[in-house]
Amino acid sequence: MSELDLNLDASRARQQRLWNALAGAELDAIIVTQIEHIQYLIGPKFAWVHQPAAILFADGTATLIAPNEAPDAAAADEILTYEAQWLCTLRNDQREASSAVLLQYLKSRGKLGKIGVEYSTFSLHLSQQLDATLVDVEPTLYQLRRKKDPDELARLKKAITGTARMYEVARDMIRPGVSELNVFNALQAAAVKEYGEMLTGTGNDYACGAKGGPPRDRLTQDGELYILDLGPAFRGYFADNCRTIAVNGKPTDEQQQTWEIVMQTFDHVMKTVRPGKSCKELFQEVVGILSAAPIGVFDHHLGHGIGLFPHEAPHLNSCWEDVFAEGDVFTVEPGIYDEKLRFGMRLENDYLVTASGVELLSDFPMGLT
């Protein structure tokens, strides 16, 4: 079995870790409805147009409610299905349809007194018809997702290899007069070729001479800096890293000097980040580093975790009190922006927190040329 293949043992282990984390809640069952959490615990990745569900029981068994037909493999003891399509047309009442199957199944299981659910997304189709005490387990799930398992790391690293190939193509094709849309199309194709299959998500910034944004029907101009912040997903797991390229291959002195200051951030991360390090503290330290730039401003977060969602914990941000923990996979994306820089630059790397420091996961060229 390839390390990229579905690992049912890993999914079962995550189910058990969830139960261990919630031992004090004395739950009879846990109902999971978010697609990311179903993939995390059960294994299969479902399309966003569907609304599957899963239920984990305190005896260690699990049941999946899948759209249309049972997947080839799942970390579930029983798989039921709901009709997600009629004559190939997607139904709009996906959650109601899957909930009907789930509720009918729960009736056959007898009385459940206390059920864990995801409060932010648990539907009325379910909550109004369950005669049980509901407990919010969503914060626990998000916390567990921070520590990436080997199967998750394998998919994240594969996603990141896609961005490496995308930047190779970008450096070959970017010059004055290139269409942003052509750059976007070429980079998407490069990631698909690297993965050998369709992307399961995409992003982020493809606008030239700007802080960010989607590709436009616009040609690159001499002297601009092209910020490419790329976040393709491989089998549900998102990469996210950024490089900035001088369109004419010849950065100005101001652009190069600014790049050198931004690069100091990454040396600081390698030297200082350890389990227990405050993310807010790191953010503030980098603000101090970037304040030495002669022009430009840094006015956004420093980074974030990545995984089954583009932005996860830990949050490298003054608005959160997160602390780095072993197993976190996170980004660091310092940037400086000013019209004089045409329009500025952002550089971003991906890291894994280890017991003694961090491991760089995006080890490919950072330069402006």
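As shown above, the structure is provided for reference.
Residues numbered from 1 in each chain as written. Predicted model: local features only at pLDDT ≥ 70, side-chain atom pairs only at ≥ 80, totals over all residues. Heavy atoms only, no water.

Enquirer: It is not clear to me how the sheet that holds strand 2 (residues 53-57) should be interpreted in this structure. Could you clarify?
Expert: Hydrogen bonds between backbone atoms are what pair the strands of a sheet, whose relative direction is either parallel or antiparallel. Reading across from one edge, 4-3-2-1-7-8 is the order of the 6 strands in this open sheet, with mixed pairing throughout. Single-partner strands in this sheet number two, and they are strand 4 (78-82) and strand 8 (133-136). Taken pair by pair, the neighbouring strands of this sheet meet at an average axis angle of 20 degrees, ignoring direction. Inspection of the sheet shows strand 2 paired to strand 3 (residues 62-67) by 4 bridges, in the antiparallel sense. Following the sheet pairing, Ile-55 is matched in strand 3 by Thr-63. Running over the sheet, helix 1 (residues 8-21) touches strand 1 (29-32), strand 2 and strand 3 and is turned about 60 degrees from strand 2. (Pairing = 2+ DSSP bridges. Helix = DSSP H or I, 4+ residues; strand = E, 2+ residues; numbered from the N terminus. Axes fitted to C-alpha atoms, helices over the stretch in contact; angles between N-to-C directions. Contact = heavy atoms within 4.5 Å.)

Enquirer: Please explain the pattern of salt bridges as it appears in this structure.
Expert: Close approach of charged atoms allows side chains of opposite charge to pair. Evaluation of the coordinates by the stated rule reveals 26 salt bridges. Where Glu-180 meets Arg-218, a salt bridge forms, and the shortest distance between an N and an O atom there is 3.2 Å. Of the two residues, Glu-180 is situated in helix 7 (residues 180-195) and Arg-218 in the loop between strand 9 (204-205) and strand 10 (225-230); the sequence distance between them amounts to 38 residues. (Salt bridge = Lys/Arg side-chain N within 4 Å of Asp/Glu carboxyl O.)

Enquirer: I tried to follow the side chain of His-304 on my own but got confused; where do I start?
Expert: Position of His-304 among the secondary structure elements: in strand 14 (residues 303-305). On the basis of relative accessibility, which here comes to 2%, the residue His-304 falls in the buried class. Reaching out from His-304, the side chain makes a polar contact with the side chain of Asp-240 at a distance of 3.1 Å. Those residues within four positions of His-304 in sequence are excluded, and the remaining contacts are Asp-240, Pro-310, His-311, Glu-312, Pro-314, Leu-316, Val-329, Phe-330, Thr-331, Glu-333 and Glu-348. (Buried < 20%, exposed > 50% of the residue type's maximum accessible area, 1.4 Å probe, protein only. Polar contact = N/O pair within 3.5 Å; in protein donor to acceptor, adjacent residues only side chain to side chain.)

Enquirer: Please clarify how the packing of aromatic side chains should be interpreted in this entry.
Expert: Aromatic ring pairs are defined here through the distance separating the ring centres and the angle between the ring planes. What the rule picks out here adds up to 8 aromatic pairs. Ring centres of Phe-184 and Tyr-206 lie 4.9 Å apart, and the angle between their planes is 85 degrees; this geometry places the pair in the edge-to-face category. Residue Phe-184 is found in helix 7, and its partner Tyr-206 is found in the loop between strand 9 and strand 10; the two are separated by 22 residues along the sequence. Clustering of aromatic rings is evident, with ring pairs tying together Phe-324, Phe-330 and Tyr-351. Against the face of Tyr-40 rests Arg-14, its NZ or CZ located 5.1 Å from the ring centre. In this structure, Lys-211 is placed above the aromatic ring of Tyr-337, and the distance from its NZ or CZ to the ring centre is 4.9 Å. (Phe/Tyr/Trp six-rings, centres within 6.5 Å; stacked < 30°, edge-to-face > 60°. Lys NZ or Arg CZ within 6 Å of the ring centre and 35° of its normal.)

Enquirer: Hey, could you run me through the sheet that holds strand 13 (residues 241-246) in this one?
Expert: With respect to topology, 3 strands assemble into an open sheet ordered 9-10-13, the strand pairing being antiparallel. Both edges of this open sheet fall to strand 9 and strand 13, since each of them pairs with a single strand only. Pairing between strand 9 and strand 10: 2 bridges, direction antiparallel. Bridge assignment links Asp-205 to a residue of strand 10, and that residue is Asp-229. Along the sheet, helix 6 (residues 150-173) makes contact with strand 10 and strand 13, crossing strand 13 at roughly 5 degrees.

Enquirer: For this particular structure, what's the right way to read helix 7?
Expert: Every α-helix carries 3.6 residues per turn, so stepping three or four residues along brings you back to the same face. The terminal C-alpha atoms of helix 7, which comprises 16 residues, lie 23 Å apart, in line with the 22 Å expected from a rise of 1.5 Å per residue. Of all the positions in helix 7, only Glu-180, Val-183, Leu-187, Gln-188, Ala-190, Ala-191 and Tyr-195 are classed as buried. For helix 7, the angular spread of buried residues about the axis comes to 155 degrees, placing them on one side. Lining the buried residues of helix 7 we find helix 6, strand 10 and strand 11 (233-234). (Expected span 1.5 Å × (residues − 1). Arc of directions from axis to C-beta.)

Enquirer: Can you help me understand the packing of helix 6 against helix 7 in this one?
Expert: Each pair of packed helices can be described by the angle between their axes along with the distance between the axes. It is at 8 Å that the axes of helix 6 and helix 7 come closest, and there the two elements cross at 140 degrees. Classified by the interaxial angle, the pair formed by helix 6 and helix 7 is oblique. Crossing of helix 6 against helix 7: the hand is right-handed. Facing Lys-158, Ala-159, Thr-161, Gly-162, Arg-165, Met-166, Val-169, Ala-170 and Met-173 of helix 6, the residues of helix 7 in contact are Asn-182, Val-183, Ala-186, Leu-187, Gln-188, Ala-190, Ala-191, Glu-194 and Tyr-195. Of the residues assigned to the contact of helix 6 with helix 7, the class counts are 11 nonpolar, 4 polar and 3 charged. (Parallel < 35°, antiparallel > 145°, perpendicular 65-115°, else oblique. Left-handed = near helix turned anticlockwise from the far one by under 90°. Nonpolar A, V, L, I, M, F, W, Y, C, P; charged D, E, K, R; others polar.)

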